[in-house]
Amino acid sequence: MRNSEIFHPDFTPTPYWWEAYRPAAGTLVDVPKETRVAIVGGGYAGLAAALELSKQGIDAVIFERGALGAGASTRNGGSVSGGVNVGKSFSGRATSVDPERAHRLLSDAADAFALIERLIAEEAIECAWQKRGRFVGAWTPAHFATQEKRLARLNDAAQSGAYMVPRERQRDEIASDYYYGGMVVERSASLHPSLYYKGLLDACRRRGIAICAEAAVEAITRNGAGWRLDTSRGTVIAGEVVVATNGYTGKLTPALRRRIVPIASHIIATEPLAPDLAGSLIPKRRSISDTKRVLCYYRMSPDGTRMVFGGRARFNPADALLCGRVLYGYMTERFPQLRGARVTHSWTGNTAFTLDALPHMGEEGGLNYCLGCNGSGIAMMTYLGTQTARKIARVANAPCAFGEGEFPDHPLYTGNPWFLPLVGGWYRMRDRLDRMLA
Ligand SMILES: Cc1cc2nc3c(=O)[nH]c(=O)nc-3n(C[C@H](O)[C@H](O)[C@H](O)COP(=O)(O)OP(=O)(O)OC[C@H]3O[C@@H](n4cnc5c(N)ncnc54)[C@H](O)[C@@H]3O)c2cc1C
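In this report, we go over the structure that sits alongside the text. (Residues numbered from 1 in each chain as written. Predicted model: local features only at pLDDT ≥ 70, side-chain atom pairs only at ≥ 80, totals over all residues. Heavy atoms only, no water.)

### Notes on the packing of helix H2 (residues 44-55) against helix H5 (residues 193-206)
Piece 1. Put simply, H2 and H5 touch, their axes get as near as 9 Å, and they point 30 degrees apart. Relative to H5, the element H2 is oriented roughly parallel. When you trace H2 past H5, the crossing you get is left-handed. For the pair formed by H2 and H5, the contact residues are Tyr 44, Leu 47 and Leu 51 on the first element and Pro 193, Tyr 196, Tyr 197, Leu 200, Leu 201, Ala 203 and Cys 204 on the second.
Piece 2. For the contact of H2 with H5, the per-class residue count stands at 10 nonpolar, no polar and no charged. (Axes fitted to C-alpha atoms, helices over the stretch in contact; angles between N-to-C directions. Helix = DSSP H or I, 4+ residues; strand = E, 2+ residues; numbered from the N terminus. Parallel < 35°, antiparallel > 145°, perpendicular 65-115°, else oblique. Left-handed = near helix turned anticlockwise from the far one by under 90°. Contact = heavy atoms within 4.5 Å. Nonpolar A, V, L, I, M, F, W, Y, C, P; charged D, E, K, R; others polar.)

Rendered as structure tokens:
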């Protein structure tokens, strides 16, 4: 198909969500001389950490190198999981975590879901929060059987309200025969990512928290018992530091960079569809993802008019038109009835995968960090930011399960994921093989 058949004349290579809130620096806040806690990174994690610190009476300053919301927090798909993705590697496979720890991780992930729901209500954030559940399509019958085995644990540890949907009933969930049935997880939601971000930003501003946009932290050095941070707009002395840079973690923190594999993810949004078509695609308006190693995730826009379709068109940042074409192919494979619907937006952002496929919070060289969304971080990074703040304030009731254990690195990985296109190609081939042999 020609580009003119896929892309709408008003096509823009920016997130659909930015129509409602576009990242902006606003009036620049001066870098203060000192603060109790300096937070590096102004995404969900950084804002949530500052908010919780303020509730605990601790002053904090957020440093964001770009506009406010420049990172993944205004670019994501807006599907909020209640922990179902915990322990899955970027290939989509489950990683080995001992059952007792897995139980606690899932239970904390369930708390993350409760926290975001509470926060949205408490701060009256208007972000199209819709608790409609998620359908995870099984790519092969074997994947369906694996999902079935996980049901009890999900329902026990995370109260997920999960159940299986056989292939014969799949059309109750999705107007497609692409999958071999799948799993419904009732305790999942969707929201408007950049309006949720804006709501957190407004909540921080209401509390008078200093948020310094366009203030890249360029060096962090010891200063007595605390820290000195040199930013592109001045120097600040801080008692503690929180690193909340997730998929944008760079050379500033080399030890953390070696533990994070930044992987690009891409999304398209279609033009508004005919009402009958829009209403038929995902009749219960759930979020959808699948069990493929190179998975796709999609949903209807909050107003129900557009398909918002994401996946790994490439494993690294790539041209919006190229990624748009690839995702259009993936979308019409699942929904042939969408051929002819034109794409109005195509965009990309970085997720942060870890070598054990788990999110982590903790301390490295004296710096606090909360990192590693593994592709699913709206609730999780909000939660880990909050938990990091509670740890600093010494008010955590119990240690967070994501703060336990080692944050692994690998002797051959220095933070440059040059190998991702090769790995991506390998996983795509394995997905095809799985299906051929099914
Ligand atoms: C395309 C895409 C789709 C996704 N879909 C979903 C989904 O459907 N559901 C879900 O749960 N999750 C999803 N995610 C993941 C989710 O968006 C992230 O987990 C979450 O936004 C991470 O928040 P954060 O605050 O940790 O990081 P970010 O929002 O990425 O913020 C980190 C910030 O740190 C800043 N920074 C970096 N270095 C410095 C420095 N030296 N000085 C100052 N600032 C610095 C960056 O500019 C950036 O703004 C998706 C992500 C992407 C990219």
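### As for unusual backbone geometry
Piece 1. Residues other than glycine seldom take positive phi values, yet Gln 159 does so here, at roughly 40 degrees.
Piece 2. Structurally, Gln 159 is set in the loop between helix H4 (141-158) and strand S6 (162-165).
Piece 3. Although it is not a glycine, Glu 214 adopts a positive phi angle of roughly 50 degrees.
Piece 4. Position of Glu 214 relative to the elements: it lies in the loop between strand S9 (210-212) and strand S10 (217-223).

### Quick look at helix H9 (residues 378-392)
Piece 1. With 15 residues, H9 should reach 21 Å at 1.5 Å per residue; the first-to-last C-alpha distance of 22 Å fits that figure.
Piece 2. When you tally the buried positions in H9, you get 13 out of 15 residues, the bulk of the element.
Piece 3. Among the residues trailing H9, Arg 394 stands out with phi positive, at a value near 55 degrees. (Expected span 1.5 Å × (residues − 1). Buried < 20%, exposed > 50% of the residue type's maximum accessible area, 1.4 Å probe, protein only.)

### A short note on the side chain of Thr 344
Piece 1. Along the chain, Thr 344 falls in strand S17 (residues 343-354).
Piece 2. Within the structure, Thr 344 has its side chain in polar contact with the side chain of His 345 (distance 2.7 Å).
Piece 3. The contact partners of Thr 344, leaving out residues within four places of it in the chain, are His 8, Asp 10, Phe 11, Thr 12, Ala 269, Thr 270, Glu 271 and Arg 306. (Polar contact = N/O pair within 3.5 Å; in protein donor to acceptor, adjacent residues only side chain to side chain.)

### Quick word on the site of the ligand
Piece 1. Taken together, 36 residues form the shell around the ligand, and within it Ala 45, Glu 64, Ser 73, Ser 79 and Ile 378 come nearest.
Piece 2. Note that an oxygen atom of the ligand is positioned 2.9 Å from one of the backbone N or O atoms of Ala 45.
Piece 3. Here the ligand, which alone exposes 1000 Å², has 96% of that area covered by the protein.
Piece 4. Elements supplying a minimum of two residues to the shell around the ligand: H2, strand S13 (260-270), S17 and H9.
Piece 5. Classifying every residue of the shell around the ligand gives 16 nonpolar, 17 polar and 3 charged. (Near = heavy atom within 4 Å. Areas by Shrake-Rupley, 256 points an atom, 1.4 Å probe, with all protein chains shown as cover.)

### Points about the nonpolar core
Piece 1. Ile 39, Tyr 196 and Leu 384 are the most contacted members of the largest nonpolar core, which totals 55 residues.
Piece 2. Met 307, Phe 309, Leu 327 and Tyr 330 belong to the second-largest nonpolar core, a separate cluster that totals 33 residues. (Core = buried A, V, L, I, M, F, W, Y, C linked by side-chain atoms within 4.5 Å.)

### What about helix H8 (residues 320-334)?
Residues lying three or four places apart along an α-helix face the same way, a consequence of the helix completing one turn every 3.6 residues.
Piece 1. With 15 residues, H8 ought to run about 21 Å at 1.5 Å a step, and its terminal C-alpha atoms sit 21 Å apart, in line with that.
Piece 2. Among all positions in H8, only Ala 320, Cys 323, Gly 324, Val 326, Leu 327, Tyr 328, Tyr 330, Met 331, Thr 332 and Arg 334 are buried.
Piece 3. The opening residue of H8 is Asp 319, an N-cap whose side-chain oxygen sits 3.2 Å from the backbone nitrogen of Leu 321.

### Examining the sheet that holds strand S16 (residues 307-311)
Piece 1. Here 9 strands make up an open sheet; going across it, the order is S1-S17-S13-S16-S15-S14-S5-S7-S6 and the pairing mixed. Whereas interior strands pair on both sides, the edge strands pair on one side only; in this sheet they are strand S1 (7-12) and S6. Neighbour-to-neighbour, the strand axes of the sheet open up by a mean angle of 25 degrees, direction not taken into account.
Piece 2. Relative to strand S7 (residues 182-185), strand S5 (residues 134-137) runs antiparallel, the two being bridged by 4 bridges. Looking at S7, one finds that Arg 134 is bridged to Val 185.
Piece 3. The strands touched by H4 are S5, S6 and S7; relative to S6, the strand with the most contacts, the crossing angle is about 160 degrees. (Pairing = 2+ DSSP bridges.)

### A short note on a nonpolar patch on the surface
Piece 1. Where nonpolar side chains cluster on the molecular surface, the patch consists of Trp 426, Met 429, Leu 433, Met 436 and Leu 437 and spans about 570 Å² of accessible area.
Piece 2. Within the secondary structure, Leu 433 is located in helix H10 (residues 420-436).
Piece 3. On the accessibility criterion, Leu 433 (37% relative accessible area) is partly exposed. (Patch = residues over 30% accessible without salt bridge, like charges linked within 9 Å, V, L, I, M, F, W, Y side chains within 5 Å. Salt bridge = Lys/Arg side-chain N within 4 Å of Asp/Glu carboxyl O.)

### A few points about the environment of Leu 422
Piece 1. Of note, Leu 422 is situated in helix H10.
Piece 2. C-alpha separation for the pair Leu 422 and Phe 144, spaced 278 residues apart in sequence, amounts to 27 Å.

### What about the side chain of Asn 76?
Piece 1. Structurally, the position occupied by Asn 76 is in the loop between strand S3 (60-63) and strand S4 (79-80).
Piece 2. In terms of polar contacts, Asn 76 uses its side chain to reach the backbone amide nitrogen of Gly 78, at 2.9 Å.

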